[in-house]
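So the chains spell out like this:
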Amino acid sequence: MDLGLTGKVAMITGSGSGIGRATAVAFAGEGAKVVVSDIDVAGGEQTVRTIVDIGGEATFIQCDVSKSADVQALVKGTVAKYGSLDCAFNNAGIEGIVALTPEYPEDEWDRVINVNLKGVWLCLKYELEQMIKQGSGAIVNTSSIAGLIGQAGFSAYCASKGGVTQLTRTVALEYAKSGIRVNAVCPAGVETPLTQRIGKYYETHADLLNLLASPIPRMAQPEEIARNVVWLCSDVNGYVTGTLMTIDGGFTAQ
Ligand SMILES: NC(=O)c1ccc[n+]([C@@H]2O[C@H](COP(=O)([O-])OP(=O)(O)OC[C@H]3O[C@@H](n4cnc5c(N)ncnc54)[C@H](O)[C@@H]3O)[C@@H](O)[C@H]2O)c1
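Residues numbered from 1 in each chain as written. Predicted model: local features only at pLDDT ≥ 70, side-chain atom pairs only at ≥ 80, totals over all residues. Heavy atoms only, no water.

Asks: Would you mind showing me how to read the pattern of salt bridges here?
Replies: Between side chains of opposite charge, a pair can form when the charged atoms approach closely. On inspection of all chains with the given rule, the structure shows five salt bridges. As a salt-bridge pair, R111 and E108 come within 3.0 Å of each other at their nearest N and O atoms. Placement of the pair is R111 and E108 together in helix α4 (residues 106-134), with a separation of three residues, close to one helical turn. Its relative accessible area of 42% is what places R111 among the partly exposed residues. (Salt bridge = Lys/Arg side-chain N within 4 Å of Asp/Glu carboxyl O. Helix = DSSP H or I, 4+ residues; strand = E, 2+ residues; numbered from the N terminus. Buried < 20%, exposed > 50% of the residue type's maximum accessible area, 1.4 Å probe, protein only.)

Next up, the structure:
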């Protein structure tokens, strides 16, 4: 199916690794011009090289999503380079440490909330400014099953992703009449550096899989999230807004 994304401009935060990188490559595969963004320059530049190697168009803009000036510069830089902002994937995120709530350090709470929740809010704020001018746009936020259910040891992460869930619904309602759609993806375990880092808190791979145990007995590959993000951004989904798409091997069906 032609998703109609040829020549569209897609901007992806946290695309120097994992789900973001796979999504940047998937957008390029559909003919979109891609702005790769990350706090990590080396990872972002690697994603650009991967896209260029498959014949796609991409550029890198460094951005720390928790910093307002960086996010404003990212949106401005995207429009200066490619003329518009058609699709935005607000995906940058961190897991924080794994600890029970009384032991969870306050500075770590602030770090997780600032990147995962304030970061998505800042991205929405400045992306929307541009999309309102255009009268069109599609945004996908990365929430998580942790934005739908609780997970012991992950208080800051769950609170941040629950916030992303509610931001998604709220902003979708605010702009439903303005040609701008806002959705979220809610993955369970995905094989990325993030899950490898979480794995260090568990004694065995089996313990980690237990935390992430889905009825489909494996983790997702980043490409399995990427395909759905690209699909949600396509105009073939012109009636889909405010939805929280679980991509979780059946986890939340249990
Ligand atoms: N991997 C999973 O199992 C899983 C499940 C559900 C949701 N998620 C979410 O998916 C998103 C991507 O995670 P991933 O698994 O690909 O992890 P990852 O660690 O592979 O990639 C995350 C990227 O975000 C970047 N980043 C971190 N802080 C940033 C900041 N302040 N500003 C800009 N970029 C920053 C990192 O440099 C990295 O490139 C995150 O929001 C994560 O919470 C992941």
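Back to the text.
Asks: Would you explain the packing of aromatic side chains in this entry?
Replies: Aromatic ring pairs are described here by two measures, namely the spacing of the ring centres and the angle between the planes. The full count for this structure, using the stated rule, is one aromatic pair. Between F154 and Y157 the ring centres are 6.3 Å apart and the planes differ by 65°, which places this aromatic pair in the edge-to-face class. With respect to class, F154 is no different from Y157; both count as buried. (Phe/Tyr/Trp six-rings, centres within 6.5 Å; stacked < 30°, edge-to-face > 60°.)

Asks: Looking at this model, I keep getting lost on the pairing of strand β5 (residues 137-142). Mind explaining?
Replies: Looking down a regular strand, the side chains alternate between one sheet face and the other. Burial analysis of β5 places six of its six residues in the buried class, which makes it a mostly covered element. Residues of β5 alternate between two faces, with G137, I139 and N141 on one and A138, V140 and T142 on the opposite face, all of them buried. Of the strand pairs in this sheet, strand β4 (residues 87-90) and β5 are connected by four bridges, and their pairing is parallel. Residue pairing across strands places F89 opposite V140, the latter belonging to β5. Between the parallel elements β4 and β5, the chain passes through α4 in a crossover that is right-handed. Judged from the six bridges that link them, β5 and strand β6 (residues 180-187) form a sheet pairing that is parallel. Counterpart to T142 in the pairing with β6 is V185. After leaving β5, the chain enters helix α5 (residues 155-174) and then returns to the sheet as β6, a path that is right-handed. (Pairing = 2+ DSSP bridges. Right-handed = clockwise from strand over helix to strand, strands pointing away.)

Asks: Got a minute to help me understand the nonpolar core in this structure?
Replies: Where a protein is soluble and globular, its nonpolar side chains tend to be buried together. One finds L124, I139 and V182 to be the most contacted residues of the largest nonpolar core, which totals 33 residues. Residue assignment for this core shows that the elements contributing at least two residues are β1 (9-13), α3 (68-82), α4, α5 and β6. Element by element, the count of residues in this core is highest for α4, at nine residues. The residues contacting L124, other than those within four sequence positions of it, are N90, I139, N141, L167, V171 and V182. (Core = buried A, V, L, I, M, F, W, Y, C linked by side-chain atoms within 4.5 Å. Contact = heavy atoms within 4.5 Å.)

Asks: Explanation requested: the environment of S68 in the structure shown.
Replies: Structurally, S68 can be placed in helix α3. According to the relative accessible area criterion, S68 is partly exposed, its value standing at 26%. Distance from S68 to V9, taken between C-alpha atoms, is 22 Å for residues 59 residues apart in sequence. Dropping the residues within four chain positions of it, S68 is found in contact with L122 and Y126.

Asks: Help me out: how do you make sense of the site of the ligand in this one?
Replies: With respect to spatial proximity, 30 residues lie near the ligand, and among them S17, D38, Y157, V190 and T192 are the closest. The separation between an oxygen atom of the ligand and a polar side-chain atom of Y157 is 2.6 Å. Protein contacts shield 93% of the accessible area of the ligand, which totals 830 Å² for the unbound molecule. Counting only elements with at least two residues in the shell around the ligand, the list comes to α1 (18-29), α5 and α6 (193-199). The biggest single contributor to the shell around the ligand is α6, with four residues. Of the residues in the shell around the ligand, the class split is 13 nonpolar, 12 polar and five charged. (Near = heavy atom within 4 Å. Polar contact = N/O pair within 3.5 Å; in protein donor to acceptor, adjacent residues only side chain to side chain. Areas by Shrake-Rupley, 256 points an atom, 1.4 Å probe, with all protein chains shown as cover. Nonpolar A, V, L, I, M, F, W, Y, C, P; charged D, E, K, R; others polar.)

Asks: Help me out: how do you make sense of the packing of α3 against α4 in this one?
Replies: What describes two packed helices is the angle between their axes and the distance between those same axes. Packing of α3 against α4 brings their axes to within 9 Å, and their N-to-C directions diverge by 35°. Along this stretch, α3 crosses α4, giving a crossing that reads as right-handed. Contacts between α3 and α4 involve S68, V71, Q72, V75 and V79 on the former and, on the latter, L122, C123, Y126, E127 and Q130. Here the residues of the contact of α3 with α4 sort into six nonpolar, three polar and one charged. (Axes fitted to C-alpha atoms, helices over the stretch in contact; angles between N-to-C directions. Left-handed = near helix turned anticlockwise from the far one by under 90°.)

Asks: Is there a simple way to explain the pairing of β4 in this structure?
Replies: Both faces of β4 are covered, namely the face carrying C87 and F89 and the face carrying A88 and N90. Examined bridge by bridge, β1 and β4 share three bridges and lie parallel to one another. For M11, the partnering residue across the bridge sits in β4 and is A88.

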